[in-house]
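Observations on the three-dimensional arrangement
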Amino acid sequence: MSFDSENSSNVAQERISYKDFSELPFLRTQLINMQLQLQTIQRDNERMKKELEGYNVAPGIVCVVQEIIDGKAIVRNYNGIVFAINVPEQYKDKFEIGTRVSLAQHNLAVLDVFSKDMDYRVNMFELEDKPNITYESVGGLEKIITELEEMITLPLTKPELFTKFGIDSPKGILLYGPPGTGKTMIAKAVANQAKAKFISLSGSDLVQKYIGEGARLVRDLFVFARDNAPAIIFIDEIDAVASYRSDSTTGGDREVYRTMMQLLVELDGFNSNEQVKVLAATNRIDIIDKALLRPGRLDRILHIDMPNESGRRKIFEIHTKKMPIDSGVSIKELAKETEGASGADIASICREAAMFAMREKNKKVSKENFKDAISKAMKPAKEPEEGGLKTHYM
Ligand SMILES: Nc1ncnc2c1ncn2[C@@H]1O[C@H](COP(=O)(O)OP(=O)(O)OP(=O)(O)O)[C@@H](O)[C@H]1O
Ligand SMILES: [Mg+2]
């Protein structure tokens, strides 16, 4: 544009155009920004559309394949209802006994086949390669250890001995006794000694966390143990699944009963030569269904009682091993003064005594510290306070 035009209106127009040109780079940037924004909005829009489509699909019924017969499959849902369905061509290779499938609610058409990837089990059962608890850290249970050595460690480490003598080793052992007496500990120590994998789960988890899945979980538990043999399956608080119920009427009870039946099936189904042993623990043997204790199941019962004086001494020795202790402290006396204390009580007494010493800034744990800890731990539960509050002392 030229600036030497004579026409004033022309000059004004040129000024405007000049201004326009000067803003051009700014407008260009703005345009690019807006184009970018548009792209983001379009992408978001696509994503939301897909999400919405997902909401439009009705949820499916999850079933487990039981049998496959000539292109048809018999599947069972978790309520125990059995269906016969056609296996669509595209899913033929994926259908196997035990696979989980999702079926449409209105016509039972196959919506999805879940992969048989069993890794989810690792999250459900606790798997320890070789627990780090050894026999040295368990006090006063020498007899139980000898028995467990014969029943578990020997068959797992030297199975040929049993074959040579033509005898079967026990498949399952039930440990019972009051809380805090070392049942869980000893199970781990045995797994450590037998160099076996330790697969643990708790009966109450089976009942509470995996409602409707208990029976499947029990089945998977045994498959998982075989895959990881030599292995010890440890079921803590087995009374939660195996308590005796004469007439189960509620759904929850039926579900627990099914889980328990599956446990019996699995115990019967595996061979004692397989490198898998089952250890279970309970505080309440009186409520365990007798069917579980029949031969070939959890037929060896070991009672772990409260420790006697010499047992308590050993437990005190174990729990004070790494503690700086005053020379005035007599372990023998501590054991005498703690009649009725469990292993867990003793562990907590030692912890408390060390805490007292720390608070007093002592270099060593004194006799007084232990005395205070014992009187704190051995105090019976107080009567309910006003307002129904009840204070318990460990
Ligand atoms: N015999 C023992 N020797 C050494 N420590 C023990 C012994 N018994 C119990 N303890 C201590 O008590 C803690 C709890 O023990 P553990 O969990 O094995 O008891 P439990 O019998 O399985 O109890 P629960 O029935 O409540 O499950 C252990 O971590 C350990 O510190
Ligand atoms: Mg335990």
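No experiment lies behind these values; they were computed from the predicted model shown.

What follows is about the overall build of the protein chain. Counting its regular elements, the protein chain contains 13 helices and eleven strands. The proportion of buried residues among the 394 residues of the protein chain is 29%. Considering only contacts in the protein chain between residues 6 or more positions apart, those separated by 24 or more positions represent 69%.

One broad trend across soluble globular proteins is that nonpolar side chains are buried collectively. With 52 residues, the main nonpolar core has V190, I199, L221, I232 and I233 as its most contacted residues. By residue number, the principal contributor to this core is helix α7 (residues 214–227), which donates six residues. Once residues lying within four places of it in the same chain are set aside, the contact partners of I233 are I199, L221, A225, V276 and V278. Grouped together as the second largest cluster of nonpolar side chains are 16 residues, I315, L334, I346 and A357 included.

Looking now at the sheet that holds strand β5 (residues 110–113). The sheet built from five strands is open, its strands ordered β3-β2-β1-β4-β5 with antiparallel pairing. Looking along the sheet, the strands with just one partner apiece sit at the ends: β3 (82–86) and β5. If you compare each strand with its neighbour and ignore which way they point, the axes differ by 40 degrees on average. Bridge count between strand β1 (residues 61–69) and strand β4 (residues 100–103): four bridges; the pairing is antiparallel. Within β4, the position partnered with I61 by the bridge is L103.

Now for the site of ligand 1. If you check the shell around ligand 1, you find 18 residues, and the closest are P179, G182, K183, T184 and G343. Residues belonging to the shell around ligand 1 are distributed by class as follows: nine nonpolar, eight polar and one charged.

Next up on the list: the confidence of the model for the protein chain. Per-residue pLDDT for the protein chain has a mean of 82; in total, 85% of the residues score no lower than 70. Of all helices and strands in the protein chain, the one with the weakest mean pLDDT is helix α2 (residues 120–124) (59), whereas helix α10 (residues 309–319) scores best (94). Every residue in residues 1–5 is under pLDDT 50, and counting partners more than four places away or in other chains gives seven contacts. Counting interchain partners and residues more than four positions distant, the pLDDT-below-50 stretch residues 381–394 has 13 contacts.

So, on to the sheet that holds strand β10 (residues 276–282). A sheet is described by the order of its strands in space; here six strands give the open sequence β6-β8-β9-β10-β7-β11, paired in mixed fashion. What marks the edges here is a single partner per strand, and that holds for β6 (126–128) and β11 (300–303). When strand polarity is set aside, the average angle formed by the axes of neighbouring strands in this sheet is 20 degrees. Two strands pair when backbone bridges link them, and strand β9 (residues 231–236) and β10 are joined in this way by five bridges, in the parallel orientation. What sits directly across from I232, in β10, is K277. The strands that helix α3 (residues 142–157) touches are β7 (172–176), β9, β10 and β11; relative to β11, the one it contacts most, it runs at about 145 degrees.

Side chains that are three or four residues apart share a direction in an α-helix, a result of its 3.6 residues per turn. Along α10, the residues that are buried comprise G311, R312, R313, I315, F316 and H319. The inward-facing, buried residues of α10 contact α11 (331–337) and α12 (343–359).

This part takes up the environment of I85. Positionally, I85 belongs in strand β3. Distance from I85 to I74, taken between C-alpha atoms, is 6.4 Å for residues eleven residues apart in sequence. Excluding anything up to four places from it in sequence, I85 contacts K72, A73, V75, L103, L108 and V110.

Rules used throughout
Residues numbered from 1 in each chain as written. Chains lettered and ligands numbered in written order. Predicted model: local features only at pLDDT ≥ 70, side-chain atom pairs only at ≥ 80, totals over all residues. Helix = DSSP H or I, 4+ residues; strand = E, 2+ residues; numbered from the N terminus. Buried ≥ 20, exposed ≤ 12 C-beta atoms within 10 Å, placed from the backbone. Contact = placed C-beta atoms within 7 Å. Core = buried A, V, L, I, M, F, W, Y, C linked by C-beta atoms within 7 Å. Pairing = 2+ DSSP bridges. Axes fitted to C-alpha atoms, helices over the stretch in contact; angles between N-to-C directions. Near = placed C-beta within 6 Å. Nonpolar A, V, L, I, M, F, W, Y, C, P; charged D, E, K, R; others polar. pLDDT = per-residue confidence, 0-100.

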